[in-house]
Amino acid sequence: MTSRHREKTTVNLEEWVPRTRLGKMIQAGKITSIEEVFLSGMKISEPQIVDSLIPDIQEEVINVNLVQKQTDAGEKSRFKAIVAVGNRDGYIGLGSGKASQVRNAIEKAAVSARLNIAPVKRGCGSWECGCGKPHSVPFQVEGKCGGVRVVIVPGPRGLGLVSSEVSKTILGLAGVKDLWMRSYGSTRTVPSYACAVFDALKKTYSLITTADWVK
Ligand SMILES: [Zn+2]
């Protein structure tokens, strides 16, 4: 199964009873933006936190695999789903979930993606462009995951995403537009490849302190 857009079904905000300090602060209106959450350094342990602060969050199913596992009772089949979430404006999350039904695996992955949400620093890192607008990444970044390595090279405005369909989906949800993607290793292993792209996007903030997150 390849990437497809789906309606959000995972998170029901109306029935949300926060069980973490951060969740309670958000429901009480003491924290009103996702930027404040990352500045506070508090961990996101409830998916509803993401949906309250990013109401227009979108989900894409990146991959669903059948996973066979040998147990004492014989062979057991489960589905493993990879889901990406993002607001197409500087926030991206990626997560996985396993279940005996596809739908449940996707829902678990969608929750996990929310709990892994991270800010993406955007910029114009292209020496050919120099427009200064946040249409790409600010500098070259590298990501690694399970035998896959990717390098994101900033591109000039109007270039588009020169990359595979899977990374286009993830980069689109993150809100970056113009770049070249180079990949090495077992790039046909979609879960590892998606994870490496996510890792590279998170690296846009690795050289910057938390104080820069709001800029
Ligand atoms: Zn530019």
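Use the structure listed above.
Keep in mind that this is a model prediction, so the values were computed, not measured.

A. Region of interest: the overall build of the chain. When helices and strands are tallied, the chain shows six helices and nine strands. Relative to its length of 215 residues, the chain is compact, with a C-alpha radius of gyration of 18 Å against a globular reference of 17 Å. Taking the principal axes of the C-alpha coordinates as reference, the chain spans close to 60 × 45 × 25 Å. Looking at the chain as a whole, 47% of its 215 residues are labelled buried. Once local pairs closer than 6 in sequence are excluded, the contacts in the chain between residues at least 24 apart make up 60%.

B. Representation of unusual backbone geometry. Not every positive phi belongs to a glycine, and Arg 88 is a case in point at roughly 60°. As for its placement among the helices and strands, Arg 88 is situated in the loop between strand E3 (74-86) and strand E4 (91-99).

C. Looking closely at the coordination of the zinc ion. Around the zinc ion, the protein contributes the donor atoms Cys 124 (SG), Cys 129 (SG), Cys 131 (SG) and His 135 (NE2), at 2.2 to 2.3 Å from the metal centre. Its four donor atoms give the zinc ion angles of 101 to 117° at the centre, a pattern that matches the tetrahedral case. Each donor residue of the zinc ion belongs to the same chain, and together they define the spacing C-x4-C-x1-C-x3-H.

D. View of the state of the cysteines. Considering all chains together, one arrives at one disulfide under this definition. Paired by a disulfide, Cys 145 and Cys 195 hold their sulfur atoms 1.9 Å apart. With the S-S dihedral at roughly 80°, the linkage between Cys 145 and Cys 195 falls on the right-handed side. Here Cys 145 is found in strand E6 (residues 141-145), whereas its partner Cys 195 is found in helix H6 (residues 190-202), with 50 residues between them in sequence.

E. Highlighting the pairing of E6. For E6 and strand E7 (residues 148-154), the ladder comprises five bridges, and the chain directions are antiparallel. Bridging from a neighbouring strand, Gly 143 pairs with Val 150 of E7. Between E6 and E7, which pair antiparallel and follow one another directly, the connecting turn spans two residues, one of which, Gly 146, has a positive phi of 45°.

F. Broad picture of helix H4 (residues 102-115). Spanning 14 residues, H4 covers 20 Å between terminal C-alpha atoms, matching the ideal 20 Å at 1.5 Å per step. Listed in full, the buried residues belonging to H4 are Ala 105, Ile 106, Ala 109, Ala 110, Ser 112, Ala 113 and Arg 114.

G. Representation of the environment of Lys 177 in the model. Residue placement: Lys 177 occurs in the loop between helix H5 (165-174) and strand E9 (179-185). Between the C-alpha atom of Lys 177 and that of His 135, which follows or precedes it by 42 residues, the distance is 5.5 Å. Ignoring any residue separated from it by four or fewer positions in sequence, one finds Lys 177 in contact with His 135, Gly 160 and Leu 161.

H. How the structure looks around the pairing of strand E2 (residues 58-71). Two elements, E2 and E3, share 13 bridges in a ladder whose sense is antiparallel. Each residue of the ladder has a partner; that of Gln 70, found in E3, is Glu 75. Hairpin connection between E2 and E3: a loop of two residues separates the two successive antiparallel strands.

I. Up close: the pattern of salt bridges. In this structure the tally under the stated criterion is seven salt bridges. In this structure, Arg 114 and Asp 51 form a salt bridge, with 2.5 Å as the shortest nitrogen-oxygen distance. Remark: Asp 51 occurs in helix H3 (residues 47-53) and Arg 114 occurs in helix H4; sequence separation between them is 63 residues. Residue Arg 114 is classed as buried on the basis of its relative accessible area, which comes to 0%.

J. Expanded view of the sheet that holds E6. Strand order in the open sheet formed by four strands is E6-E7-E9-E8, and the pairing between neighbours is mixed. The outermost strands of the open sheet, each flanked by one partner alone, are E6 and strand E8 (161-162). Taken together, the two bridges between E8 and E9 define a ladder with parallel strand orientation. In the strand pairing of E9, Val 162 is matched with Trp 180. Sheet strands touched by H6: E6, E7 and E9. Its angle to E6, the strand with the most contacts, is close to 145°.

Quick notes on the rules
- Residues numbered from 1 in each chain as written.
- Predicted model: local features only at pLDDT ≥ 70, side-chain atom pairs only at ≥ 80, totals over all residues.
- Heavy atoms only, no water.
- Helix = DSSP H or I, 4+ residues; strand = E, 2+ residues; numbered from the N terminus.
- Rg over C-alpha atoms; globule rule 2.2 N^0.38 Å.
- Buried < 20%, exposed > 50% of the residue type's maximum accessible area, 1.4 Å probe, protein only.
- Contact = heavy atoms within 4.5 Å.
- Donors = N, O, S within 2.8 Å, 3.2 Å for Na, K, Ca; no water.
- Tetrahedral: all angles 85-135°; square planar, octahedral: opposite > 155°, others 65-115°.
- Disulfide = S-S within 2.5 Å.
- Pairing = 2+ DSSP bridges.
- Expected span 1.5 Å × (residues − 1).
- Salt bridge = Lys/Arg side-chain N within 4 Å of Asp/Glu carboxyl O.
- Axes fitted to C-alpha atoms, helices over the stretch in contact; angles between N-to-C directions.

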